[in-house]
Amino acid sequence: MFVASLCAIVLAGCVDNQAGRLGVGPSDRKSNNVRQSEFAAAGDLQVVKFLPPPEDTGNGTRELVAENDLLEVDVFGVDELDRTSRVDASGRISLPLIGQVQAKGKTLPELESEIERRYGSNYLQNPEVTVFLKESSGQRVTVDGQVRRPGIYPVTSTETLVRVIAKAGGFQEIADESKVYVFRQYRTKKLVANYSMKQIRQGKAQDPRIFGGDVIVSFSSSSKVAAKNLREALGLASGAARFASPL
């Protein structure tokens with residue numbers, strides 16, 4: 001489990017020149033002062049101002065349904081056909097009238113189209129179907145550091161940082177809400193960005209979208225943060241995740 005006694009060095013630094021090419025926003029040389037030598041010490045970890053969505057998600061629209069996901073199917077105007085169904089071991093869900101529908105490996109829009117096609121072929125005229133991902137077993141995030149319940153949590157396609165921190169029970173008393181770091185794999189790099197929960201709650205900053213695979217670490221108010229101990233925090237959180245019991 002992540003420990004609060006990470007060694008102190010002040011975070012700042014020029015964001016790597018690749019940041020612009022990655023679509024992570026311009027470098028902020030006034031607020032970031034981390035020296036290039038510190039980036040070298042951090043290996044492939046890159047400090048950025050904003051995290052881009054994972055490359056294979058289409059900004060979140062192409063996340064695929066997985067086994068054990070809980071789906072809510074709404075057929076507009078036909079309440080008796082609405083169902084909440086969990087994806088079984090064969091990757092299917094069971095719906096009224098049309099029976100088994102393959103869901104695993106499809107995006108939500110693809111699944112909606114398939115259900116509409118099946119209902120439209122025999123039962124309904126121009127059906128309108130909406131599928132919501134109510135609970136995802138395939139998409140999980142690790143939350144560590146100064147939160148009340150560190151662990152691994154499932155996320156949906158609308159998850160945000162505020163909601164994930166709430167799932168982890170909120171912050172401990174010694175946490176610094178301005179020192180919340182989100183790690184994300186992007187292409188061949190590991191990216192990390194700093195978010196202030198205080199500014200988010202005050203409406204001064206956007207509540208960032210959280211994706212499956214992200215690692216969120218909260219530091220204490222006594223900690224100062226640098227590229228090399230960000231990498232250490234990531235390693236500790238990832239190690240804890242391997243031994244945590246699935247929810």
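These figures come from a predicted structure and were not determined experimentally. (Residues numbered from 1 in each chain as written. Predicted model: local features only at pLDDT ≥ 70, side-chain atom pairs only at ≥ 80, totals over all residues. Heavy atoms only, no water.)

1. Structural notes on the overall build of the protein
Argument step 1. Check the secondary structure of the protein and you find 6 helices and 11 strands.
Argument step 2. Every one of the 247 residues in the protein was classed for burial, and the buried ones make up 46%.
Argument step 3. For the protein, restricting intrachain contacts to residue pairs at least 6 apart in sequence, the fraction spanning at least 24 positions comes to 60%.
Argument step 4. By element, 49% of the accessible surface of the protein is carried by carbon and sulfur atoms, the whole surface being about 12500 Å². (Helix = DSSP H or I, 4+ residues; strand = E, 2+ residues; numbered from the N terminus. Buried < 20%, exposed > 50% of the residue type's maximum accessible area, 1.4 Å probe, protein only. Contact = heavy atoms within 4.5 Å. Areas by Shrake-Rupley, 256 points an atom, 1.4 Å probe, with all protein chains shown as cover.)

2. A few points about the sheet that holds strand 2 (residues 70-75)
Argument step 1. Pairing in this open sheet of 3 strands is antiparallel, and the strands run 3-2-6 from one edge to the other. Because the sheet does not close on itself, it has two edges, and the strands there are strand 3 (83-86) and strand 6 (129-135). Strand-to-strand twist of the sheet, defined as the mean angle between neighbouring strand axes without regard to direction, takes the value 25°.
Argument step 2. Where helix 3 (residues 108-122) meets the sheet, its contacts fall on strand 2 and strand 6, and the angle it forms with strand 6 comes to roughly 135°. (Pairing = 2+ DSSP bridges. Axes fitted to C-alpha atoms, helices over the stretch in contact; angles between N-to-C directions.)

3. A look at the side chain of Glu112
Argument step 1. Tracing the backbone shows Glu112 in helix 3.
Argument step 2. Apart from residues lying up to four places away in sequence, Glu112 is in contact with Val129, Thr130 and Val131.

4. Some words on the pattern of salt bridges
Argument step 1. Counting across every chain of the model gives 10 salt bridges.
Argument step 2. Notably, a salt bridge pairs Arg118 with Glu114, separated by 3.8 Å at the nearest N-O pair. With Arg118 and Glu114 both in helix 3, this residue pair falls 4 residues apart, about one helical turn.
Argument step 3. Arg163 is the partner of Glu159 in a salt bridge, and the nearest nitrogen-oxygen pair spans 3.3 Å.
Argument step 4. Here Arg163 falls in the partly exposed class, since its relative accessible area comes to 41%.
Argument step 5. A single network of salt bridges, built from pairs that share partners, joins Glu114, Arg117 and Arg118. (Salt bridge = Lys/Arg side-chain N within 4 Å of Asp/Glu carboxyl O.)

5. Notes on the packing of aromatic side chains
Argument step 1. Under the definition given, this model contains 1 aromatic pair.
Argument step 2. When the centroid spacing of 5.4 Å and the interplanar angle of 80° are considered together, the rings of Tyr181 and Phe219 count as edge-to-face. Of this pair, Tyr181 sits in strand 9 (residues 175-186) while Phe219 sits in strand 11 (residues 215-220), and the two are 38 residues apart along the sequence.
Argument step 3. When the ring centre of Phe211 is taken as reference, the NZ or CZ atom of Arg209 above it lies at 4.0 Å. (Phe/Tyr/Trp six-rings, centres within 6.5 Å; stacked < 30°, edge-to-face > 60°. Lys NZ or Arg CZ within 6 Å of the ring centre and 35° of its normal.)

6. Focus: helix 3
Argument step 1. Here helix 3 contains 15 residues, and its C-alpha end-to-end distance of 22 Å stays within 8% of the 21 Å for a straight helix at 1.5 Å per residue.
Argument step 2. Of the positions making up helix 3, those classed as buried are Leu108, Leu111, Glu112, Glu114, Ile115 and Tyr119. On an axial view of helix 3, the arc spanned by its buried residues comes to 165°, and they lie on one face.
Argument step 3. For helix 3, the elements touching its buried residues are strand 2, strand 4 (92-95), strand 5 (99-102) and strand 6. (Expected span 1.5 Å × (residues − 1). Arc of directions from axis to C-beta.)

7. Some thoughts on the confidence of the model for the protein
Argument step 1. Predicted confidence across the protein gives a mean pLDDT of 79, with 74% of residues reaching 70 or more.
Argument step 2. Averaged over each element, pLDDT in the protein is lowest for helix 1 (residues 18-22) (34) and highest for strand 4 (98).
Argument step 3. Confidence drops under pLDDT 50 across residues 1-42; counting only partners more than four residues distant or on other chains, this segment forms 95 contacts.
Argument step 4. Under a pLDDT of 50 for its full length, residues 242-247 has, in the predicted model, 6 contacts with residues more than four places off or in other chains. (pLDDT = per-residue confidence, 0-100.)

8. Quick notes on the side chain of Asp176
Argument step 1. Mapped onto the elements of the fold, Asp176 is located in strand 9.
Argument step 2. Classification of Asp176 by relative accessible area gives buried; the value is 18%.
Argument step 3. If sequence neighbours within four positions are ignored, Asp176 has contacts with Phe219, Ser220 and Ser221.

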